[in-house]
Structures are given as C-alpha cells and as structure tokens.
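# Report on the structure
Residue-level listing of the chains:
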Amino acid sequence: MRAERDARGWSQADAVRAMRAKSTHNLPTDSTLLRNWRRWESGESRPDDFYAPIIAAAFDTVTAAFFPKTRPNRDDEMLSATGLDTLEFIGRLRMSDVSASTLDAIRITADRLCSDYPCADPHELHAEGTAWLRRITSLLDGRLTLAQHREVLVLAGWVALLVGCVDYDLGWRTAAEATRRAALSLGQEADHAEIVGWGAEMAAWFALTQANYRGAIDSAEAAQPTTGRLGVGVQLAAQRAKAWARIGDRREVEKALTQGRSILDAIEHPANLENHFVVDPQKFDFYAMDCCRVAGDDRLAETYARQVIATSTRPDGSVRKPMRVSEAHLTLAVVAVRDRNLELALDEGLRAFTGKRRSLPSLLWVAGETAREMIARFPGDPRTRTYLDQLRSLAAS
C-alpha cells in the first residue's frame, strides 16, 4: 500500500480521498479512514473484506491481485481488528479455528461498542458496529465447538441490538426493524433470554414513539414472563408504564413501576453502568420522570428531571448521558408551561435540541408533547412559534 501510494506521489489523505471516490458504499469520516489507513500501512492490522476491494479500486487494480488470498487465520484477523494483536496465545483449541482468547477480545469489543452508545457519533458507531457484526457472523462459517457457536451467536446478538438502536436513533425505521428481528433470531437460536427480551423491548420502544401504545404494552407483556429476573425486565416494565401513562390508566402505571422496582432491587448492581443494555438504578428516575410528567404530577416530575440531569452529568460538567438530559429539559419545559412561565419553558425546550447525540424518534415524540402543552396555553405567542419552528427544523434534519 505504501509503495503504490509513493509511486503516485500521494499523501495518506490523498489515498483516503481516492478510496472515497471509488467507493459505492457509505464510508466513515475522513478522520476515521485516515486512522485506519495508518494502521494498515504500519502493519498493525489488515484491511477486511469490506475495505480491501475499495483500496484495490483506488489503485486501479483488483482485490485478488492487490491482496493475494492465503488461508485465513481467524484469530489473527479478529485480534488485529480489536487492537489486541500483541497478546501471546498459548494452548489454542485444535478442534476450532477460533481460540478462547479471540472470543474474549471480541467480547471486550462488543462491550465497548455498547458502552459507546450514549455519547458516540451515531454514524461512526453505526459503521463500526455494522463492520463488527459482519466480522463476528463470519466466524459461523468456520469450525467452532458447540460452546463457541453459542458464544458467537450471543456476541452477534448484542452487536445487532446495538446497530438496531442506532438505526432507529437516526430515523431509519425499516432498517431498525430488520436489524431488531435479526437480533431476536440470534437470541432465540442461542436460547439467550436477555437478548430475546431486548428484542421485545426495542419493539415496545418503536411502538411507543410512534404513539402505538397498545402495541407497546403487548410487546412488553409478551416478554415479561421470561425476563422477570433480568435487567431487561426493568426496561420492559418501564415501557409498559410509559404506555399506560399516555392511555391514562394510573393504576396500571403504578403497577408497572412497582414491578420494575422489585426486579431492580433483586438483581446485582451492574459492573459497567455505561453499557446501553445494562439497566442502572439511576435510570429508574428517568422512567418515573416521564410517567409523572404525563400524569400531571408536576412537582414530582420536576424533582425527577433535576435528579436525572445531576446523575447524567460528570463532576467536570460534561454530560455522560446526553439523551436522558435532553428529555429531562423537555420535562422542565412542560412544568414551566403549566406554571405559566413560557420564557423558562422556551429556554428549557431549546436546550433539549442542542445535544449532538440524540435519538431522533424519542426526542421528537417528547418534544411534540411539549409543543402541544405550549399551543394549548399560549397559542398565539411568538415564543411558541419560535419553539415550533425549531421543532420543525429538528424533524427535517
């Protein structure tokens, strides 16, 4: 790669631009491609089957000529991509193409991807998650023990769940549903109750943000019997509570929240609170905040919102859970509108739109509820129009 680039008098940035010009796919940002290019040229890693044809095309040749095929060493490919290629591997399993150390490294990578979800650029996270999903599922074509086969299905299931969530955050509903179904299928094949539960939770989330409240309840209730002792059971109970709150059944809201609390009290405190598929105790305030806002318990909703902002902010003032904080600001905006303080409501509402990391369907859903509160109380006020204009811009972005 370096020799071909030098022969053309290209910088590494020129090579990246040539890749982009020859590619028919959506590629990551230039900075990400440049970082990958440096790793490829230095020998830290080898371009995978996605990038190899694009690089070959950039140099006006074919993949087989530029990257001669050898017998694939799946351990080396996977560990190189994780950045853990300096590990020494002893006692490799002869009956398998993949060692336990390789699976450990992929497990660490899958956890990192799921932990990056709250703050990472969604387009970059989607590209990396999709690439890893392709790598992990390629292992199923090789020789695996039965235990390893199940482990690969589980790892692929978690990454597929992540990609589906990012699909939906970006507003790609069709892709999100297809990926959710794929994750659900992987979880069912691996007999992994938690992945199956999260597949159902995503269905409830999709239905909820599309105002299909009965559909959200049905999806959550269908998975509840098998998730009553798992973290995802808390999330399923919360989605039911949110749906019942909008239907107007306060008894069912309290019943669902009580069930979620009992599961949360019974499970161990999670080791990694950053992983999106770990339900941390602090998130329960976030669920209760939503239900109280919808039910009209303004003072309690305000208390929960401020608590959500506090627990989602690091000591240095940076935000660790930006999507939760955005919905907390919208809750404060609703409370301010009901207190007849439109100026404060506008300030809080617009603050919710400033975050770079957002789940567009969820944000538009709650922001739309906030807009209805403003229109009901201040229909002709210029500040209401300002909020509505910003909301339309957000929806069109």
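Since the structure is predicted, the reported quantities are computational estimates derived from the model, not experimental observations.

## Examining the pattern of salt bridges
Any two side chains of opposite charge can pair, given that their charged atoms come close. If you walk through the whole model with that rule in mind, you get 31 salt bridges. Between Asp290 and Arg246 there is a salt bridge; the shortest N-O distance is 2.8 Å. Here Arg246 lies in helix H13 (residues 231-247) and Asp290 lies in helix H15 (residues 283-295), a separation of 44 residues in the sequence. For Asp290, a relative accessible area of 1% corresponds to the buried category. Classification of Arg246 by relative accessible area gives buried; the value is 15%.

## So, the packing of aromatic side chains
Taken as a whole, this structure holds 13 aromatic pairs when the rule is applied. Ring centres 5.6 Å apart and planes at 20° place the aromatic pair Trp10 and Phe59 in the stacked group. On the criterion of sequence distance, the pair formed by Trp10 in the loop between helix H1 (2-8) and helix H2 (12-22) and Phe59 in the loop between helix H4 (51-58) and helix H5 (63-66) is long-range, its members being 49 residues apart. The exposure class of Trp10 is partly exposed, given its relative accessible area of 24%. The class of Phe59 is buried, set by a relative accessible area of 3%. Between Trp37 and Trp40 the ring centres are 6.2 Å apart and the planes differ by 65°, which places this aromatic pair in the edge-to-face class. On the criterion of helical spacing, the pair formed by Trp37 and Trp40 is a turn pair, its members being 3 residues apart in helix H3 (residues 30-42). The same class applies to Trp37 as to Trp40, namely buried. Feature note: the residues Trp10, Trp37, Trp40, Phe50, Tyr51 and Phe59 constitute an aromatic cluster, connected by ring pairs. Above the face of the Trp132 ring, Arg135 is positioned so that its terminal group lies 4.8 Å from the ring centre. Between the NZ or CZ atom of Arg357 and the centre of the ring of Tyr117, over which it lies, the distance is 4.7 Å.

## So, the UniProt feature "domain: WIBG Mago-binding" (unreviewed entry) in the protein
Per the UniProt annotation, the sites labelled "domain: WIBG Mago-binding" (unreviewed entry) are residues 307-325. Between the end C-alpha atoms of residues 307-325 the distance is 10 Å, and the span holds 47% helix and 0% strand.

Reading the values: the criteria
- Residues numbered from 1 in each chain as written.
- Predicted model: local features only at pLDDT ≥ 70, side-chain atom pairs only at ≥ 80, totals over all residues.
- Heavy atoms only, no water.
- Salt bridge = Lys/Arg side-chain N within 4 Å of Asp/Glu carboxyl O.
- Helix = DSSP H or I, 4+ residues; strand = E, 2+ residues; numbered from the N terminus.
- Buried < 20%, exposed > 50% of the residue type's maximum accessible area, 1.4 Å probe, protein only.
- Phe/Tyr/Trp six-rings, centres within 6.5 Å; stacked < 30°, edge-to-face > 60°.
- Lys NZ or Arg CZ within 6 Å of the ring centre and 35° of its normal.
- UniProt positions renumbered as here; feature names shortened; annotations may be inferred.

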